[in-house]
Amino acid sequence: MKQIIAADELFTGTDWLLNHALVLNYGIIESIQPIVSLKETATQQVPILIPALIDLQIYGAGGQLLSVYPTVEALQLLKDYCINGGAAWFQPTVATNSNEVIYACIDAVRAFKQLPNNRCIGLHVEGPWINPIKRGAHLSEFIYQPTANQVRDLLEYGKGIITMITLAPEICDKEIVDLIQSYGVVVSAGHSNADYATATKAFNNGISTATHLYNAMSALQHREPGMVGAIFNHPTVYCSIVPDGYHVNFEAIQIAKKQMGNRLFAITDAVTETVSGAYPHQLSGDKYESNGILSGSALTMLTCLQNLHQHCGIELGEAIRMCSLYPAQVIKQMAITGMLKAGQKAHWIGLNKDLALIHSVE
């Protein structure tokens, strides 16, 4: 079935094209053409057409936090939330918890990924192999330094389902990191009190990304640059950031962007209201708190994009890349590119001139 989606402005992931159209055949991009060259009438018109967004860290939606409701139904609510917020792909996340809860989340994601068009990247396990000094809202009773056998047990159970693990590099040595990566899992440094040298060594040894810049990591100070300084100074390591104005001041995002360029990407870090489980999140304004500590955002990926452009002054195309192309480069899955180009499946969204969603991914 042929579709032609015309746009006043079309962003491919690298370039802005004015008055162009996506020509689709059974959902695959045949070509991107100037509207004036089309031999057929467009089937749809949108003001702005961009690659669909990608969220690598989100915990639940619709009152069902994944760690409390490790079910297919909770993941369906999460998928719907992400799609309504402009994301085509999402990586459900479980924070530091008991093995029982983490294994139940693996089971839920495994079952959900059997469904057609599930949009689920895999499971992000954030903790429990983190530094208790930088636990943030994570509960100290679940935090521990693992043995190789404990790591292997989790990886074997979660084979093909766990796609990312956040850990503290001063808690997990290179052998542990290498073991995790041997299963095709992306290792992210976070909830860490590593000094500059330790963090830099971990990045040089292959940790390719870090989790929520500035939050729950050793700070940049003039005599000890910490993990923040190591991330700023490293030539290749990526890092996520939560652009809600609460987790990170918008001016601090501007500073990080100048230091990091295309290595900085957005996540929602979004949770949902719940009164049970280890993390009883309560909505406080337009953010969430757990036991009185900032514990998650109320962002969607589209509000990430809007905030990066409107509050941080980041050029719109670059803000889009921070929410699509760069997360795709971090997660390294062939079907997820954060781009629009011929021969690929078309994962796109339509926006109006105010950057509000008018067409979500199908």
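Description of the environment of leucine 351
No. 1: Along the chain, leucine 351 turns up in strand E18 (residues 348–351).
No. 2: Given a relative accessible area of 1%, leucine 351 falls into the buried group.
No. 3: A sequence separation of 186 residues divides leucine 351 from isoleucine 165, and the C-alpha atoms of the two residues are 33 Å apart.
No. 4: Discounting chain neighbours no more than four positions away, the residues touching leucine 351 are Pro47, Ile48, Ile50, Leu302, Ala356, Leu357 and Ile358.

Notes on the confidence of the model for the protein
No. 1: Residues of the protein with pLDDT of at least 70 account for 100%, and the chain-wide mean is 96.
No. 2: Between the elements of the protein, mean pLDDT differs from a low of 87, seen in strand E17 (residues 293–297), to a high of 99, seen in strand E14 (residues 264–266).

A closer look at the environment of alanine 189
No. 1: Here alanine 189 is to be found in strand E11 (residues 186–189).
No. 2: Counting along the chain gives 163 residues from alanine 189 to asparagine 352, while the straight-line C-alpha distance between them is 37 Å.
No. 3: Once residues lying within four places of it in the same chain are set aside, the contact partners of alanine 189 are Thr166, Leu167, Pro169, Phe203, Ile207, Thr209, Ala210, Thr211 and Met227.

Notes on the side chain of serine 192
No. 1: Within the secondary structure, serine 192 sits in the loop between E11 and helix H5 (196–204).
No. 2: A distance of 3.0 Å separates a polar side-chain atom of serine 192 from the backbone nitrogen of alanine 194.
No. 3: Residue contacts for serine 192: discarding those within four places in its chain leaves Asn131, Lys134, Ala168, Pro169, Glu170, Ala216, Met217, Ser218 and Met227.

Thoughts on the pairing of E18
No. 1: Because side chains alternate across E18, one face comprises the buried residues Trp348 and Gly350, and the other comprises Ile349 and Leu351, equally buried.
No. 2: For strand E4 (residues 44–51) and E18, the ladder comprises four bridges, and the chain directions are antiparallel. Within the sheet, the bridge partner assigned to isoleucine 50 lies in E18 and is isoleucine 349.
No. 3: Taken together, the two bridges between E18 and strand E19 (residues 357–359) define a ladder with antiparallel strand orientation. Bridged to glycine 350 within E19 is histidine 359.
No. 4: Linking E18 back to E19 in an antiparallel pair, the connection comprises five residues, with leucine 355 at a positive phi of about 70°.

Parameters at a glance
Throughout this description, residue numbers start from 1 for each chain and increase along the sequence as written. A pLDDT threshold of at least 70 governs which residues receive local features in this predicted model, and a stricter bar of 80 or more applies before side-chain atom pairs are shown or counted, although totals over entire chains, interfaces and linings include all residues. The basis for every side-chain value is the complete set of heavy atoms in the structure, and neither hydrogens nor water enter the calculation. By definition, any uninterrupted DSSP run of H or I lasting at least four residues is a helix, any uninterrupted run of E lasting at least two residues is a strand, and each is numbered from the N terminus. Three exposure classes are used, based on accessible area relative to the maximum for each residue type with a 1.4 Å probe and protein chains only: buried under 20%, partly exposed in between, and exposed over 50%. Contacts are assigned to residue pairs with any non-hydrogen atoms lying within 4.5 Å of each other. The score called pLDDT rates the predictor's confidence residue by residue, from a low of 0 to a high of 100. Whenever a nitrogen or oxygen atom comes within 3.5 Å of another N or O atom, the pair is scored as a polar contact, on the condition that within protein one atom can donate a hydrogen and the other can accept it, and that pairs from neighbouring residues in sequence are kept only if both atoms are in side chains. At least two bridges found by DSSP between two strands are what make those strands a pair.

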